[in-house]
Structures are given as C-alpha cells and as structure tokens.
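Examination of the molecular architecture
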Amino acid sequence: MGSNPVDSWNARDLQAGLKTSWLGHRLYMFDEIDSTNLWLKNRLTAETDPHGTVVLADAQRAGRGRLGKSWWSPAGTGLYTSALFYPERFDNLGITTLLAGVALAEGVSALTGIKVGLKWPNDAILHGKKFAGILAEAGTTPRPWLIIGIGINVSGPVPEELPNAGNLVSLGGCPVDRVLLWERTMETLERMYDGWLSTGNEPVLERWTHYNQTLGQRVLVSRAGHPPLTGIAEAIDSDGCLRVKSANGEHVRICGGEVSLRLADGRYAPS
Ligand code: BTN
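Okay, so let's go over this structure.

Conventions adopted
- Residues numbered from 1 in each chain as written.
- Predicted model: local features only at pLDDT ≥ 70, side-chain atom pairs only at ≥ 80, totals over all residues.
- Heavy atoms only, no water.
- Disulfide = S-S within 2.5 Å.
- Helix = DSSP H or I, 4+ residues; strand = E, 2+ residues; numbered from the N terminus.
- Buried < 20%, exposed > 50% of the residue type's maximum accessible area, 1.4 Å probe, protein only.
- Contact = heavy atoms within 4.5 Å.
- Polar contact = N/O pair within 3.5 Å; in protein donor to acceptor, adjacent residues only side chain to side chain.
- Pairing = 2+ DSSP bridges.

1. A short note on the state of the cysteines
The tally for this structure, following the rule as stated, stands at one disulfide. The disulfide partner of cysteine 241 is cysteine 255, and the gap between their sulfur atoms is 2.1 Å. The sign of the S-S torsion, about 120 degrees, decides the handedness of the disulfide formed by cysteine 241 and cysteine 255: right-handed. Of the two residues, cysteine 241 is situated in the loop between strand E9 (229-236) and strand E10 (242-246) and cysteine 255 in the loop between strand E11 (251-254) and strand E12 (258-262); the sequence distance between them amounts to 14 residues.

2. Considering the environment of arginine 253
Take arginine 253: it is sitting in strand E11. On the accessibility criterion, arginine 253 (42% relative accessible area) is partly exposed. Sequence spacing of arginine 253 and aspartate 237 is 16 residues, and the spatial spacing of their C-alpha atoms is 8.4 Å. Those residues within four positions of arginine 253 in sequence are excluded, and the remaining contacts are Arg223, Asp237, Asp239, Cys241, Leu242 and Arg243. A distance of 2.7 Å separates the side chain of arginine 253 from the side chain of aspartate 237, its partner in a polar contact. Within polar-contact distance, the side chain of arginine 253 engages the side chain of aspartate 239 at 2.7 Å.

3. Topic: the pairing of E9
Examined bridge by bridge, strand E8 (residues 218-222) and E9 share four bridges and lie antiparallel to one another. Looking at the pairing, valine 219 lines up with glycine 231 of E9. Remark: six residues form the turn of the hairpin made by E8 and E9, two consecutive strands paired antiparallel; glycine 225 in that turn has positive phi of roughly 80 degrees. In this sheet, E10 lies alongside E9 in antiparallel orientation, the contact comprising five bridges. Opposite glycine 231, over in E10, you have serine 246 as the bridge partner. Between E9 and E10, which pair antiparallel one after the other, the connecting turn spans five residues, and glycine 240 there sits at a positive phi close to 95 degrees.

This is the structure we're talking about:
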C-alpha cells in the first residue's frame with residue numbers, strides 16, 4: 001500500500017497467501033483511487049497490463065455500480081477490486097456477471113461457511129440485504145477485453161438511503177478478514193473463469209442456480225425505454241438472460257436493467 005496503510009494490507013502479504021495460477025500475479029494496490037474498473041479501463045490502450053491483472057483499493061472516490069449508479073467505497077471496511085481478462089472467446093457480458101457472482105459466493109463460503117444468495121444479475125445478498133455487487137464491463141478495442149469489478153461491504157456503515165443494504169460481518173454474524181476474503185474470492189474467480197473457458201456456460205448456470213435468490217420469486221423489472229414489468233422470474237437462459245412470466249402470461253427475456261424482488265409486505269426491494 002502507499003503512505004497510509006490500513007490493518008495488515010500490503011502486496012507481499014496479499015500475494016503470499018494467494019493460491020492462483022495466473023490471476024492477480026500482477027497486482028496494483030492503492031490506498032485510494034477513483035474507481036478500480038476505471039483505472040484498468042484507462043490503461044487498456046497502452047496494452048501494458050497482462051491477462052489476469054488485478055487492482056485492489058482500500059477506498060474509492062468514485063466507485064461505480066451498474067446502470068450509472070455509484071458504489072459507496074469508504075476506507076478500511078470494504079473490498080474494491082477489479083480484474084482484467086483478455087477472453088479467448090466472448091459470448092456476452094451477462095454470463096460473466098453471473099460467473100463473477102458465483103466466484104464471490106464461493107469465496108465467501110470458502111472463508112466463512114456462509115451460503116449467500118445471488119440476485120440476478122449482480123447482487124450478493126444475505127437475509128434479504130445486499131452486501132456486494134459486480135460490475136462487468138467489456139469492449140473490443142484495442143482487442144477484446146473484459147473487466148470484472150467486485151465491491152463487497154465487509155463491515156462498513158450502510159447509507160441510510162439504502163434500507164435493503166447491509167454488510168457481510170453483521171449479516172453473517174461472524175468476523176471476516178478482508179485479506180483472506182480477497183484471496184479466496186480471487187481463487188474462485190480464476191477457477192470459475194478457467195472452467196467457463198473449457199466447459200462453457202452450463203456449469204456457471206448450474207452453480208448460479210445453487211445460490212439463486214431470484215427464480216420462483218415475484219419481481220419488478222425496470223428497463224430503460226420499457227414500462228415497468230411485474231411477473232415471476234422463471235428461468236435463466238443459456239446466455240445468462242432472465243426469463244420472466246409477466247402478469248398477462250407472456251414470457252419476456254430480460255438481458256439488462258434492474259430486477260427488484262417483492263417483499264412480504266408487497267413492496268419491491270430495489271438493489
Ligand atoms: C453494483 O452492484 O451495481 C455493482 C457494484 C460494483 C462495485 C465495484 S467496487 C470495485 C469496482 N470498481 C468500481 O468502480 N466498481 C466496482
């Protein structure tokens with residue numbers, strides 16, 4: 001870390017315990033950064049960072065979420081990390097978001113034994129509250145690239161305006177070491193990515209279904225340019241899109257936008 005180290009974070013400790021074959025072998029660490037996704041994106045044209053480069057920050061000034069939202073990233077209590085991939089094949093962004101969600105869920109489970117839930121497409125939840133999210137971004141210039149950003153509220157405060165958010169330590173009821181959580185999550189991300197390249201989407205979808213908190217639920221879908229849609233989330237298609245059976249019996253494929261789950265009191269919980 002730089003001039004203001006927080007707890008035991010330093011590159012040597014982090015990499016010493018990291019049991020990956022290639023992911024995170026080039027690691028950049030910051031006390032504070034604008035956004036780890038943005039930092040990697042801004043360096044793409046230089047083509048200096050190899051496949052598997054990882055960035056980790058203790059705090060982000062301008063953490064980014066899906067759909068133009070911001071991701072609150074205070075110091076000392078969260079994990080804000082992004083990984084750069086140069087995929088040999090690339091189907092769509094949807095499946096990589098699900099893949100990263102599974103990696104995150106398996107990382108949490110490997111460290112704590114806690115089974116978290118995944119809400120389509122990118123939220124990790126526990127007891128109905130979101131504590132982590134994924135921001136996958138991809139492009140083709142200067143060559144096909146994929147950046148997977150993972151944000152985890154490990155033990156931080158929760159903004160008042162987000163009643164459906166929480167942190168992993170409080171929700172899980174156990175202490176969580178950020179370094180170990182990052183290491184386990186990187187290891188499962190590498191395993192999921194290698195498995196996806198060699199075997200395709202099916203195993204990703206099967207693991208995602210194991211953590212599913214969306215299918216079978218009554219949902220409200222908000223998409224730009226479409227009226228709100230309510231219905232039952234019925235399946236995930238092979239490309240990672242969600243299929244919703246609408247109130248009038250139509251089967252609608254949802255490949256973007258926001259999905260809110262209906263709560264017991266009839267309201268829908270936004271992410
Ligand atoms: C979401 O739930 O909308 C996605 C949140 C993703 C946040 C992470 S934190 C690390 C990486 N850098 C960013 O600016 N965003 C992602």
